[in-house]
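Here's the letter readout for the chains.
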Amino acid sequence: MNSNPIGVFDSGIGGLTAVKRLIQLLPNENIVYLGDTGRVPYGSRSRDTILKYARQNADFLLRLGIKAMIIACNTVSSTAFDDISRGASIPIFEVINPPSALAVRATNNGKIGVIGTKATVRSGAYRRAIESLDPSLEVQCAACPLFVPLAENGRTSPDDVAVMAITRDYLAPIVQFGADTVILGCTHYPLLRAAVARALPPGVTLIDSGAVTAEYAAGQLGALGLLSSSVDTGVRRYFVTDAAEDFESLAGAFLGADISGLAEQTSLE
Ligand code: DGL
């Protein structure tokens, strides 16, 4: 039993897709979330900048005494996981391998699409993860750099013509490729899930990298004996690096809970 918090971080609100699933699965766990909203998006930045931001985020959470960390950002997971996890004394989870394993099991036609940020696609991490599990599978990746700013600004509806035009444009190579399974390889993208689904042929399986990783992490923490006791209350704290109010309204809508007054602005530098 261990009631120290589970730390989760992302460049912005995207990592809440992991937190939402974590809360459903482990309601008694204490969770501390960090969204680096002052510096989002990460996905169009250089490797060195992503490494620097990732290190600062991880150090911030470690100082709060977390018992495990979920890097709920594909960009950081694909670029900085080795750097962050080297020599770590707590379990650290990334968001690339769990959804890759699920996609390999889910595909029927052997064609997996992956959408993510420029940095995630550039890293080749998904292609490596999928091909290491089954080299016979074909993988088509597509970068969707405007999705994160859209999600951070609450522009996600499939009835929004701008959102749909951008989504159809980004998804065109995946549609042409004929993927029957598509990994939402950025934790922000489930917020645009309805638009993505509309741009794809009916019946395509969509995989939420944050939620799948939360399921994986919950199982691992249980196996390691690191879960809280059933009488713990599940305290959640949210830290952001820009104004807390905007985050609270977007995050609250996404989590389906009023988190007014629960987010705190902090500095990482
Ligand atoms: N949620 C992050 C990811 O999974 C978004 C990265 C960004 O800030 O561009 O990649």
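In the block above lies the structure referred to throughout.
What counts as what
Residues numbered from 1 in each chain as written. Predicted model: local features only at pLDDT ≥ 70, side-chain atom pairs only at ≥ 80, totals over all residues. Heavy atoms only, no water. Near = heavy atom within 4 Å. Polar contact = N/O pair within 3.5 Å; in protein donor to acceptor, adjacent residues only side chain to side chain. Areas by Shrake-Rupley, 256 points an atom, 1.4 Å probe, with all protein chains shown as cover. Nonpolar A, V, L, I, M, F, W, Y, C, P; charged D, E, K, R; others polar. Axes fitted to C-alpha atoms, helices over the stretch in contact; angles between N-to-C directions. Helix = DSSP H or I, 4+ residues; strand = E, 2+ residues; numbered from the N terminus. Parallel < 35°, antiparallel > 145°, perpendicular 65-115°, else oblique. Left-handed = near helix turned anticlockwise from the far one by under 90°. Contact = heavy atoms within 4.5 Å. Salt bridge = Lys/Arg side-chain N within 4 Å of Asp/Glu carboxyl O. Buried < 20%, exposed > 50% of the residue type's maximum accessible area, 1.4 Å probe, protein only. Pairing = 2+ DSSP bridges. Phe/Tyr/Trp six-rings, centres within 6.5 Å; stacked < 30°, edge-to-face > 60°. Lys NZ or Arg CZ within 6 Å of the ring centre and 35° of its normal. Core = buried A, V, L, I, M, F, W, Y, C linked by side-chain atoms within 4.5 Å.

Caption draft 1: Layout of the site of the ligand. Around the ligand sit 14 residues in total, of which Ser 11, Tyr 42, Asn 74, Thr 75 and Thr 187 are the nearest. Within the side chain of Asp 10, an N or O atom sits 2.8 Å from a nitrogen atom of the ligand. Here a nitrogen atom of the ligand sits 2.7 Å away from a polar atom, N or O, in the side chain of Thr 187. In the complex, 99% of the free accessible area of the ligand, which totals 300 Å², lies under the protein chains. Residue classes in the shell around the ligand are distributed as six nonpolar, seven polar and one charged.

Caption draft 2: Region of the structure containing the packing of helix H2 (residues 47-63) against helix H3 (residues 74-85). Look at H2 against H3: their axes get within 9 Å of each other, and the N-to-C directions meet at 65 degrees. In terms of axis orientation, H2 runs roughly perpendicular to H3. The two elements H2 and H3 cross, and the hand of that crossing is right-handed. Two secondary-structure elements touch here, H2 through Arg 47, Ile 50, Leu 51, Ala 54, Arg 55 and Ala 58 and H3 through Thr 75, Val 76, Thr 79, Ala 80, Asp 83 and Ile 84. By residue class, the composition of the contact of H2 with H3 is seven nonpolar, two polar and three charged.

Caption draft 3: Quick look at the pattern of salt bridges. Tallying each qualifying case throughout the model produces nine salt bridges. Linking Glu 215 and Arg 21 is a salt bridge whose minimum nitrogen-to-oxygen distance equals 2.6 Å. Residue Glu 215 is found in helix H10 (residues 209-223), and its partner Arg 21 is found in helix H1 (residues 16-25); the two are separated by 194 residues along the sequence. On the accessibility criterion, Glu 215 (37% relative accessible area) is partly exposed.

Caption draft 4: Region of interest: the environment of Phe 247. Along the chain, Phe 247 turns up in helix H11 (residues 244-255). When its relative accessible area of 3% is taken as the criterion, Phe 247 is described as buried. When the C-alpha atoms of Phe 247 and Glu 29 are compared, they prove to be 22 Å apart, with 218 residues separating the residues in sequence.

Caption draft 5: Main features of the sheet that holds strand E1 (residues 6-10). Strand order in the open sheet formed by six strands is E4-E3-E1-E2-E9-E10, and the pairing between neighbours is parallel. The open sheet terminates on both sides in strands that have one partner only, identified here as strand E4 (92-93) and strand E10 (263-265). Of the strand pairs in this sheet, E1 and strand E2 (residues 31-35) are connected by five bridges, and their pairing is parallel. Looking across to E2, one finds that Asp 10 is bridged to Gly 35. The strands touched by H2 are E1, E2, strand E3 (68-71) and strand E9 (236-240); relative to E1, the strand with the most contacts, the crossing angle is about 155 degrees. Strands in contact with H3 are E1, E3 and E4; relative to E3, the strand with the most contacts, it is inclined by about 155 degrees.

Caption draft 6: Representation of the packing of aromatic side chains in the model. Enumeration according to the criterion identifies eight aromatic pairs in this entry. A ring pair is formed by Phe 147 and Tyr 170, whose centres lie 5.3 Å apart and whose planes are at 75 degrees; its orientation type is edge-to-face. Here Tyr 170 lies in helix H8 (residues 161-177) and Phe 147 lies in helix H7 (residues 147-152), a separation of 23 residues in the sequence. A single burial state applies to Phe 147 and to Tyr 170, both of which are buried. A network of ring pairs unites the aromatic residues Tyr 33, Tyr 238 and Phe 247 as a single cluster. Positioned over the ring face of Phe 177 is Lys 111, at 5.3 Å from the centre of the ring.

Caption draft 7: The nonpolar core, seen in detail. Formed by 55 residues in total, the largest nonpolar core has its most connected members in Val 8, Leu 16, Ile 115, Phe 147, Leu 171, Val 196 and Phe 247. With six residues, H8 is the largest single contributor of residues to this core. Sequence-distant contacts of Phe 247, defined by excluding residues within four places in its chain, comprise Ile 13, Leu 16, Tyr 33, Thr 37, Tyr 238, Val 240, Gly 252, Ile 259 and Ala 263. Counting 23 residues, the second largest nonpolar core, distinct from the first, contains Tyr 42, Ile 71, Val 76 and Ile 92.

Caption draft 8: Fine view of the side chain of Thr 241. Following the sequence through the fold, Thr 241 ends up in the loop between E9 and H11. Only 2.7 Å separates the side chain of Thr 241 from the backbone nitrogen of Gly 38, close enough to count as a polar contact. Contact partners of Thr 241, with chain neighbours within four places excluded, come to Gly 35, Asp 36, Thr 37, Gly 38, Arg 39, Gln 265, Thr 266 and Leu 268.

Caption draft 9: View of unusual backbone geometry. Of note, the bond from Val 40 into Pro 41 is cis; its omega dihedral lies within 30 degrees of zero at 5 degrees. Mapped onto the elements, Pro 41 comes out in the loop between E2 and H2.

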